[in-house]
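Okay, here's what each chain looks like letter by letter:
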Amino acid sequence: MPRLRSWPVLLGIAVVAVAVVVLVQRSGGEELTAADKAFVKVCEDHGGTAELAPGSGNYVKDARDCTIEYGGESYEMYAVHPEGFSAREAEGARQACVKQAAQERRDPENGRTPATFTWHPRSGICEKSTDE
């Protein structure tokens, strides 16, 4: 049997192929941190959809986003944190919702029929609806 002279080339191609597969698996299947996992769970428990920017990790809160849709509009759920659902932030949002509704009744935006504001306690969202 003749000796294969191109074995170093074949070995080099095999090593490169294995390295590419390993790198693709690591970059594509980035493992979530404990904080990201907690954020996703809290978000989903309150009816939201979580989005995590690449490399969000433990300390980059701005890289996490939890949204929910009402009436075709998307709302960001600010009360969702990796530590849990913030009752304090939700209560602040509820109070702001009540104030917005009262303001809208007194002075409707653009002089139209006043918009209605609906408080959703599970998500901590104040939904604004207009009859247009």
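Up top is the structure these notes are about.
In short, a report on the structure. Being a predicted model, the structure only gives us computed values, none of them experimental.

## Thoughts on the pattern of salt bridges
Stage number 1. Across all of its chains, the model carries four salt bridges by this definition.
Stage number 2. Here Lys41 and Asp45 are joined by a salt bridge, their closest N and O atoms 2.9 Å apart. Taken together, the residues Lys41 and Asp45, both in helix α2 (residues 34–45) and four residues apart, mark about one turn of the helix.
Stage number 3. Classification of Asp45 as partly exposed rests on a relative accessible area of 42%.
Stage number 4. Of the charged contacts in the structure, one is a salt bridge between Glu91 and Arg94, with a shortest N-O distance of 2.7 Å. Taken together, the positions of Glu91 and Arg94, both in helix α3 (residues 87–106) and three residues apart, correspond to about one turn of that helix.
Stage number 5. The exposure class of Arg94 is partly exposed, given its relative accessible area of 31%.

## Quick word on α2
Stage number 1. If you check α2, its first and last C-alpha atoms are 16 Å apart, about what 12 residues at 1.5 Å a residue would give, namely 16 Å.
Stage number 2. Of all the positions in α2, only Ala35, Asp36, Phe39, Val40, Val42 and Cys43 are classed as buried. Each buried residue of α2 sits inside an arc of 165° when the element is viewed along its axis, so together they form one side. Exposed and facing more than 90 degrees away from the buried side of α2 are Ala34 and Glu44.
Stage number 3. Packing partners of the buried residues in α2 comprise β1 (49–52), β2 (64–70), β4 (80–81) and β5 (84–85).
Stage number 4. Backbone geometry just downstream of α2 places Gly47 in the positive-phi region, at approximately 85°.

Conventions used here
- Residues numbered from 1 in each chain as written.
- Predicted model: local features only at pLDDT ≥ 70, side-chain atom pairs only at ≥ 80, totals over all residues.
- Heavy atoms only, no water.
- Salt bridge = Lys/Arg side-chain N within 4 Å of Asp/Glu carboxyl O.
- Helix = DSSP H or I, 4+ residues; strand = E, 2+ residues; numbered from the N terminus.
- Buried < 20%, exposed > 50% of the residue type's maximum accessible area, 1.4 Å probe, protein only.
- Expected span 1.5 Å × (residues − 1).
- Arc of directions from axis to C-beta.
- Contact = heavy atoms within 4.5 Å.

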